[in-house]
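Fold and contact review
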Amino acid sequence: MPTIPSILGFGAIAIDDIVYVDQPLSAGKGKVLQSTRAFGGNVATALAAVARLGGTAGFVGWLASASDNAVQLDLVASGIETAFAPRHPDARPVHSRITVGSDGERFIAYDDDAMLGTAPDVPDDILSRATVLIVDSYATGSLDVVARARDLGLAILGDIEWSSGPATERLIALCDHLIVPLSFARTATGRRSPAEMLDALWLPSRSAVVLTDGGRGVYYRGREETGLWHLPPHRVAVVDSTGAGDCFHGAYAHALTRGADTAGRVAFAAAAAAVSITGRGGREALPTEDQVTQLLASANAPSAVNLKNAHVDAGA
């Protein structure tokens, strides 16, 4: 039997049809420069980032029964272990159509009428040998598995982008490391400032709450940290932001298994995401650990600022 990876995950796997246009999305229309098909999905791309960084990653969500299906072959090619994933003949990926503007911003239209989550009987023997479980918003259908993994001692890293009601609230409560877009945090909490959102999402059981805000950087609170923090963005040439958030989650999980504290995990993840947006595609530009280390060591690498002293523009 293959070795059980340190980082497991289940959630969205996607096939992305990506169109690059010569104008920003705000222009309303533009000329097609390139069209391509790629594999994506929140958790799948996060696990691919883990593997690219040198960690061990395994997908334990539903896969199609045929071992030669394109989705599984891509996961394996990306360095992700699939031997422990449950199979079902009706399992299929999410299909997404992504338009990327000249400024690197993108619009994603997706069809998620698919079998997502994981089997209810994922063995404890598999879960207990891992360190981290990454889940996304689709894990609401597998809450018992998430709760069991947490009881077994895994750190639950939640990539939550939208709510389906009480089930999402329970999922959020199960996350030790809650990493969400600031826009979702604003909706979920009804608060305006990043500091208020961080406080509203904090629980005594949490290890960290992290709010990602694209070109405005990252806001975070950690159990071992004093205060609330803002890490400004790296100044890089943005080509394509597809998959940047997923890369952040994977890099954060990787740093967590390496024993980094909250500030170290956030800095490493932010640098990894910054590298990822300098190339096209959600997977193609995922960084190596050397690339992340090099960016972190650069003279203009940002430093975290206590929110009491930070000039914050969190958007409208």
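This report concerns the structure included in the present document.

Scoring rules and cut-offs
- Residues numbered from 1 in each chain as written.
- Predicted model: local features only at pLDDT ≥ 70, side-chain atom pairs only at ≥ 80, totals over all residues.
- Heavy atoms only, no water.
- Pairing = 2+ DSSP bridges.
- Helix = DSSP H or I, 4+ residues; strand = E, 2+ residues; numbered from the N terminus.
- Axes fitted to C-alpha atoms, helices over the stretch in contact; angles between N-to-C directions.
- Core = buried A, V, L, I, M, F, W, Y, C linked by side-chain atoms within 4.5 Å.
- Buried < 20%, exposed > 50% of the residue type's maximum accessible area, 1.4 Å probe, protein only.
- Contact = heavy atoms within 4.5 Å.
- Disulfide = S-S within 2.5 Å.
- Expected span 1.5 Å × (residues − 1).

This next bit is on the sheet that holds strand 1 (residues 7–10). Spatial ordering of the open sheet is given by 5-4-1-8-9-10-11-12-13-14, a layout of 10 strands whose pairing is mixed. The strands lining the two open edges of the sheet, one partner per strand, are strand 5 (80–81) and strand 14 (305–306). As defined by bridge partners, strand 4 (residues 57–59) adjoins strand 5 across 2 bridges and the pair is classed as parallel. When the bridges of strand 5 are listed, Ala-57 appears paired with Ile-80.

Moving on, we come to the sheet that holds strand 3 (residues 32–40). Ordered by their spatial adjacency, 4 strands build an open sheet running 3-2-6-7, and the pairing between neighbours is mixed. Here the strands that pair on one side only, and so sit at the sheet edges, are strand 3 and strand 7 (106–111). Strand after strand, the sheet turns through a mean of 15° between neighbouring axes, direction not considered. Sheet topology places strand 2 (residues 14–21) next to strand 6 (residues 94–100); 7 bridges connect them, and they run parallel. By the bridge assignment, Asp-17 is partnered in strand 6 with Arg-97.

In terms of nonpolar packing, the biggest core is built from 47 residues, with Phe-59, Ile-134, Phe-248 and Tyr-252 touching the most fellow members. For this core, the leading source of residues is helix 9 (residues 262–276), giving 9 residues. Beyond its immediate stretch of four places on either side in the chain, Phe-248 contacts Ile-179, Val-210, Thr-212, Val-218, Val-266, Ala-269, Ala-270 and Ala-273. In this structure, Leu-8, Ala-130, Val-135 and Ala-149 belong to the second largest nonpolar core, which totals 38 residues.

Per the counting criterion, the structure on display carries 0 disulfides. Cys-175 takes part in no disulfide bond, and the closest cysteine sulfur, belonging to Cys-247, lies 19 Å away. Exposure remark for Cys-247: the relative accessible area of 0% places this residue in the buried category.

All right, on to helix 8 (residues 244–257) then. Taking 1.5 Å per residue as the helical rise, helix 8 with its 14 residues ought to reach 20 Å, and the 20 Å between its terminal C-alpha atoms agrees with that figure. Along helix 8, 12 of the 14 residues are buried, which leaves the element largely enclosed by surrounding structure. Every buried residue of helix 8 is accounted for by Ala-244, Asp-246, Cys-247, Phe-248, His-249, Gly-250, Ala-251, Tyr-252, Ala-253, His-254, Ala-255 and Leu-256. Where helix 8 ends, the next residue or the one after it, Gly-259, has phi of about 90°, a positive value.

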